[in-house]
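This is what each chain is made of:
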Amino acid sequence: MLSGKKATRYAIALFLIISLNFFIPRSMPGDPLTNLLGEDISLTASSVQELRERMGLDRPLSQQFLDYWHDILRFDLGYSFHLHRNVSDLIYDRMKWTLLLSLPAMVMGAILGTLLGARAGWKSSALRRTQTGFIMAIYCAPPYFISLIALYLLSYKQGLFPLKGFYSTGSALDIAHHLFLPSAMMTLFSLSRNYMIMKGSVLQEKGSLYATFARAKGLYDEQILFRHVFKNALLPIITLLALDFGFILSGALFIEIVFSMNGMGSLIYDALLSRDYPVLQGSFLIITIMVVSANLLADLLYSYLDPRVRWQ
Amino acid sequence: MAGIKPGSGPCAMSECFCGDGKDVRGMEKECDRPYHCPYGGILFRKVSIIGLVLFSSFLLAAIFSSFLSPCDPWDRFEPYLPPGQDHILGTNDLGQDILSELIYGSRVSLIVGFGAALMATTIGSSIGLLAGYFKGMADEILMGITDIFLMIPQIPLIIVLAAFLRPSFWLIALLMGSLWWTSTARVVRSKALQIREMGYVQSKRSLGFSHLHIIVSDVLPNLSQLVMPKFLLSIASAMIAESSISFLGLGDPSMKSWGMMINFAFSRGGFINGYWWWYMAPGLCITIFVLSIVLIGSFLEERDESIMGQQ
Amino acid sequence: MNRHLPSSSYFRPLLCIDEMYVSFDTSLGRVKAAQNICLELHERETLAIVGETGCGKSVIASAILQLLPSNASVKGKAIFLGRDLLSLGEREMADIRGQEIAIIFQNPSLSLNPIMKVAEQVAEPLQIHRRLPRHRAISKAEDMLSRFKLGDKASPVMYPFQLSGGMNQRVMIATSMILSPKILIADEPSKGLDQSLARQVMKELAGIKDEIGASLLLITHDLLLAKEVSDRIAVMYCGEIVEAGSSAEIFDEPLHPYTKALLNCLPEMGFKPIPGSSPSMIDPPEGCRFYPRCRERLDRCLLSPKMIKVESDDGDREVRCWLY
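In this text, all values refer to a predicted model and were calculated from it rather than measured experimentally.

J.: Before we go on, may I ask you to explain the overall build of chain B in this structure?
T.: Across its full length, chain B carries eleven helices and two strands. Element order for chain B, N to C, with α for helix and β for strand: β-β-α-α-α-α-α-α-α-α-α-α-α. The proportion of buried residues among the 311 residues of chain B is 60%. Residue pairs at least 24 apart in sequence account for 71% of intrachain contacts in chain B once pairs closer than 6 positions are excluded. Counting every atom, chain B has about 11,700 Å² of accessible surface; 69% of that belongs to carbon and sulfur.

This is the structure we're talking about:
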């Protein structure tokens, strides 16, 4: 399914990215101990020495590297001295909420975006041009800015939705009420990206000869789009959409910050304010692994869906 | 790795910028149309002229900031003034004139954007050129590296690095420039692959011209049309990213970029108190500027495509 | 191939193209791809339009079915069973396409959907026009494919990229013929296939055409192919029809200097190329389009010649030349 060459590249990518995480705190200016633990932590001289030993900073770099990998494979991402918890536990707690916000929204955005984008690329009309203009504006705006506007207009002015995001308590209805606006923003954000990509792909694809032949067979208008052009236009962009996953997920982080939601975004934001490096690094690592996995999945999906690849 | 087929056809696909620096349309496709069919037409042209006008006015604002802005962006007047007669776009919490901040901010934002884009385009073109022109092992290795870079979620990486480095805004531009080059490399590579197979390049090679001579006199000139829209879209990506990083408070506090303005408005209570003019103006500036770039960029690509379609 | 049939004038005209003009607006100017085209296609006959690549013959095929891109403008009439095809709306056109008039394109491998199984593509007209359920349409499609020696278990579940150009061409023919249309338009069916394969495919095409009693409008640059299969031939040069008549007469006694020159290009006639090059379709020559390359030109050839009827055994002989 996945060629050996590709699999190797994925393995190398993962190895390099995780290793990068090892080298960043050790190569940055400042004391590696501070870089590993985070700043503004008051420690006595003896505990500094003890921690230095516990972190293995007195050992040679190669040994540290092996230890690091050993920890990674046991899902040990270090300890946050600010939050007094294991980083992996923290991320596990927060990631749930981020995924709750972003996954359904991304799926919705992908479906609506490709459908609307395909139709906009297929045939132009005044309505579709207006729609494209609107979506293009969203596409060009930073996601947190769109969220700020929506939050100001709908929550602050109209009071339709709560100003602050949800926390892990509360009934399902309450969570839904809190989740609606950020999810809508996230959907819109993901939709705008899928829309623009799909529109371009259909524009390209609709001029091909097989589409004309489908018309010559007697297919009418959007029958041609949905029976023939759609899948052909979608296939080559599956992997592109997956590459976009990292950006859309980053967008989710910003939307969470604007809506003060209790997910990865706020975790990272707070970690930034307190320079809680272990949390930052752990988050980066997990996000990267998610993005690489999404790409891998997209690659597999592509080779499954495209008979030209499947039969090779 | 990402499964994008580096096609060899003459029709480059139209571009989509991506705020993550990975332009989503780095792919090319065989041109198999029975007849070339130009779409868009007059409306499309009109829209891209609007893009050009917007783009140049931002550029002028950045160049002539000191002439255009009504006052010094650091001068203090009455705080929290809504848009009105004295201060067209109002003032912020320190009483600074928002219009002046915006005009000076355009300089910072544009320098970061242009700097990062210039660097990204240079790196991307060089890597793509080497990979495409020399093929073989060089191609394998360089494209392998490109694919890996393509998958790193760049905004989170910049956040981590910026957190360690307490960055100046030059550093942010540098970081983005060194990450943003991947899609340019891919597109340039496939074009270079095409060019090296062309008759006149082949014959020059068999006549013993040096690689450097061929690259400079034959390959590079043919790449400029392709690289220009990529460069523009890299500016857009870099500006979105810069504003995002600034929004997190990781920007350079001594430099007022548009992103920093939004960050101040958000973190210093401008949002929660309903001072919409504080963050709305810089946000709109970013959006409109990026929009103008996308419009111009897609026009350039469209034009290339129609020129190629008629060959 | 159809020599045993009586002369074409025995049959009623099925499609009547009257003063058709096709042009394309491009950024380089207006391309006048077809000018003043008048043709009649009779029931059950095979009419070939021959001419060099780029003379506008394929444009006629696509124009009849309104398949041209949006930058094309088409004027004139194409009367099919009392209706003018060129003035029909897209919805009515869709009902005619594939059902009454089918077309096959010159590039079979690109004309088929690359990611759809061959049998499903052949079955599609049945689903669209006859509203047959999927499985029944597909089993009919497989029957049809087996007529073209593509029935061996493997082929119907295959994709176009797994088949050769010749096989894809047969798939396209099967798709076009599955609803027994009254007219089949074949646009360069032999292009890209080698000589013997082209003959083979053409033979199968002609066979099935006779069986369902369809008329065939064959568009080709291959004179010999046209001679073998067609009842009548129209010769096209630079967007105009310069000569029309029965195949036998055109070959035995060509009238137009271009037709003569074209026949001289054939290997058995000595491979003599036509001097000069094809004129621009944006800015065609004044008067007779062939004037700059013609060996027999006269002064009055700088005025546009009209299509005139010429006496012949078969009756229908026409030529656009001042010599007659």
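So, next bit.
J.: Explanation requested: the overall build of chain A in the structure shown.
T.: Each helix and strand in chain A was counted, giving 13 helices and two strands. In terms of principal-axis extent, the alpha carbons of chain A reach across some 85 × 55 × 35 Å. The buried share among the 312 residues of chain A stands at 57%. At a minimum sequence separation of 6, the contacts of chain A that also span at least 24 residues come to 73%. Roughly 13,000 Å² of accessible area belongs to chain A as shown, and the carbon and sulfur atoms make up 66% of that amount. Considering chain A, the positive charge centre built from 27 side chains and the negative charge centre built from 21 side chains are found 17 Å apart.

J.: Where do I start with the sheet that holds strand β4 (residues 72-80) of chain C in this structure?
T.: As a general point, the strands of a sheet are linked pairwise by backbone hydrogen bonds and lie either parallel or antiparallel. Residues and elements named next belong to chain C. Taken in spatial order, the four strands line up as β2-β1-β4-β5 in an open sheet, and their pairing is antiparallel. A strand with exactly one partner marks an edge of an open sheet, and here the two such strands are β2 (29-42) and β5 (83-84). As paired strands, strand β1 (residues 13-26) and β4 are joined by eight bridges and run antiparallel to one another. Looking at the pairing, S23 lines up with S73 of β4.

J.: Hey, could you run me through the interface of chain A and chain C in this one?
T.: In many reports, interface size means the accessible area that the parts give up when they come together. With 21 residues of chain A at the interface, the matching set in chain C holds 31 residues. On the chain A side of the contact with chain C, F213, R215 and K217 of chain A bury the most area, a combined 29% of that side's loss. Between the two partners, chain A and chain C, sit three salt bridges. The residue E124 of chain C makes a salt bridge to K217 of chain A at a minimum N-O spacing of 2.8 Å. Our enumeration of links across chain A and chain C arrives at twelve residue pairs in polar contact (both at pLDDT 80 or more). Secondary-structure elements contributing two or more residues to the side of chain A that touches chain C are α9 (209-216), α10 (222-258) and α13 (307-310) of chain A. The class makeup of the residues in the side of chain A that touches chain C is nine nonpolar, five polar and seven charged.

J.: Which parts of the structure should I look at to understand the state of the cysteines?
T.: Simply put, disulfide is the name for a covalent bond between the sulfur atoms of two cysteines. Residue and element names in this part refer to chain C. Summed over all chains, the structure comprises zero disulfides over all chains. The cysteine C55 is free of any disulfide, with C238 supplying the nearest cysteine sulfur at 8.7 Å. By relative accessible area, C55 is classed as buried at 4%. Just so you know, C301 is unpaired, no disulfide at all, and the nearest cysteine sulfur is the one on C288, 5.9 Å from it.

J.: Got a minute to help me understand a nonpolar patch on the surface in this structure?
T.: Residues and elements named next belong to chain B. Nonpolar side chains collect at one region of the surface, where L60, I63, F64, F67 and L68 lie side by side and expose about 540 Å² of accessible area between them. Among the secondary structure elements, those contributing two or more residues to the nonpolar patch are α1 (42-63) and α2 (65-68). Mapping F67 onto the fold places it in helix α2. The class for F67 is exposed, based on a relative accessible area of 67%.

J.: Any chance you could explain the nonpolar core here in plain terms?
T.: Side chains of nonpolar character tend, in soluble globular proteins, to be buried together. Ranked by size, the top nonpolar core spans 146 residues in total, and within it L280 of chain A together with M176, W258 and F289 of chain B carry the most contacts. Here this core gets 14 residues from one element, more than from any other, and that element is helix α11 (residues 276-309) of chain B. Three or more residues apiece are contributed to this core by two domains, here domain 1 (20-73) and domain 2 (95-311) of chain A. When residues no more than four places from it in sequence are discounted, the contact partners of W258 of chain B are F58, L102, G105, S106, S109, L110, M239, P282, C285, I286 and F289 of chain B. Of all hydrophobic cores here, the second largest spans 103 residues; its members include L39, L85, I138 and V235 of chain C.

J.: Where do I start with the packing of helix α1 (residues 4-27) of chain A against helix α4 (residues 61-73) of chain A in this structure?
T.: For any two helices packed against each other, one specifies the crossing angle of their axes together with the interaxial distance. Residues and elements named next belong to chain A. With their axes 11 Å apart at the nearest point, α1 and α4 run at an angle of 125 degrees to one another. Classified by the angle between their axes, α1 and α4 sit oblique to one another. Viewed along their axes, α1 and α4 form a crossing whose handedness is right-handed. Facing α1, whose interface residues are F15, I18, S19, N21, F22, F23 and R26, α4 presents L61, Q64, F65, Y68, W69 and I72. Broken down by class, the residue content of the contact of α1 with α4 amounts to nine nonpolar, three polar and one charged.

J.: Honestly, the interface of chain A and chain B in this entry has me stumped. Any pointers?
T.: At the interface, 70 residues of chain A touch 68 residues of chain B. Together chain A and chain B conceal approximately 6,300 Å² of surface at their shared face, both sides included; 73% is due to carbon and sulfur atoms. Here chain A and chain B share two salt bridges between them. The shortest N-O distance in the salt bridge between R9 of chain A and D147 of chain B comes to 2.6 Å. For the side of chain A that touches chain B, the elements supplying multiple residues, two or more each, are α1, α6 (126-140), α7 (143-157), α8 (172-205), α9, α10, α11 (264-273) and α12 (277-305) of chain A.

J.: I would appreciate a short explanation of the confidence of the model for chain B in the present structure.
T.: Do not read the predicted coordinates in detail wherever pLDDT is low. Residue and element names in this part refer to chain B. Per-residue confidence for chain B gives a mean pLDDT of 78, with 83% of residues at or over 70. Every residue in residues 1-40 is under pLDDT 50, and counting partners more than four places away or in other chains gives 160 contacts. For the stretch residues 307-311, pLDDT sits under 50, and the model shows seven contacts to residues farther than four places along the chain or on other chains. The ipTM assigned to the predicted complex is 0.89, against a pTM of 0.86.

J.: Sorry, what's going on with the packing of aromatic side chains here?
T.: In this description, a pair of aromatic rings is defined by centroid distance and the angle of the planes. Inspection of the entire model under this criterion finds 32 aromatic pairs over all chains. With centroids separated by 5.2 Å and ring planes inclined at 80 degrees, the aromatic side chains of Y79 of chain A and F81 of chain A adopt a geometry described as edge-to-face. Given the relative accessible area of 32%, Y79 of chain A is considered partly exposed. The rings of F15, F22, F23, F65, Y68 and W69 of chain A are connected pair by pair, giving a single aromatic cluster. Residue placement shows R205 of chain B over the ring face of Y133 of chain B; its charged tip is 5.9 Å from the ring centre.

J.: Can you walk me through the sheet that holds strand β3 (residues 46-50) of chain C in this structure?
T.: Residue and element names in this part refer to chain C. Pairing in this open sheet of eight strands is mixed, and the strands run β6-β7-β8-β3-β9-β10-β12-β11 from one edge to the other. This sheet does not close on itself; its edge strands, each paired only once, are β6 (101-104) and β11 (308-310). The average undirected angle you get between the axes of adjacent strands in this sheet is 20 degrees. Sheet topology places β3 next to strand β8 (residues 215-220); five bridges connect them, and they run parallel. Residue pairing for β8: A48 is matched across the bridge by L218.

J.: Hey, could you run me through the side chain of S215 of chain C in this one?
T.: All names here are of chain C. Counting through the fold element by element, S215 comes out in strand β8. Reaching out from S215, the side chain makes a polar contact with the backbone oxygen of H42 at a distance of 2.8 Å. Not counting the four nearest positions on each side in its chain, S215 is found in contact with L14, L41, H42, E43, R44, E45, K182, I183, L184 and K209.

Conventions we followed
- Residues numbered from 1 in each chain as written.
- Chains lettered and ligands numbered in written order.
- Predicted model: local features only at pLDDT ≥ 70, side-chain atom pairs only at ≥ 80, totals over all residues.
- Heavy atoms only, no water.
- Helix = DSSP H or I, 4+ residues; strand = E, 2+ residues; numbered from the N terminus.
- Buried < 20%, exposed > 50% of the residue type's maximum accessible area, 1.4 Å probe, protein only.
- Contact = heavy atoms within 4.5 Å.
- Areas by Shrake-Rupley, 256 points an atom, 1.4 Å probe, with all protein chains shown as cover.
- Lys, Arg positive; Asp, Glu negative; His and termini not counted.
- Charge placed at Lys NZ, Arg CZ, Asp CG, Glu CD.
- Pairing = 2+ DSSP bridges.
- Buried area = accessible area lost by both parts, 1.4 Å probe.
- Salt bridge = Lys/Arg side-chain N within 4 Å of Asp/Glu carboxyl O.
- Polar contact = N/O pair within 3.5 Å; in protein donor to acceptor, adjacent residues only side chain to side chain.
- Nonpolar A, V, L, I, M, F, W, Y, C, P; charged D, E, K, R; others polar.
- Disulfide = S-S within 2.5 Å.
- Patch = residues over 30% accessible without salt bridge, like charges linked within 9 Å, V, L, I, M, F, W, Y side chains within 5 Å.
- Core = buried A, V, L, I, M, F, W, Y, C linked by side-chain atoms within 4.5 Å.
- Domains from an automatic or database assignment.
- Axes fitted to C-alpha atoms, helices over the stretch in contact; angles between N-to-C directions.
- Parallel < 35°, antiparallel > 145°, perpendicular 65-115°, else oblique.
- Left-handed = near helix turned anticlockwise from the far one by under 90°.
- pLDDT = per-residue confidence, 0-100.
- Phe/Tyr/Trp six-rings, centres within 6.5 Å; stacked < 30°, edge-to-face > 60°.
- Lys NZ or Arg CZ within 6 Å of the ring centre and 35° of its normal.

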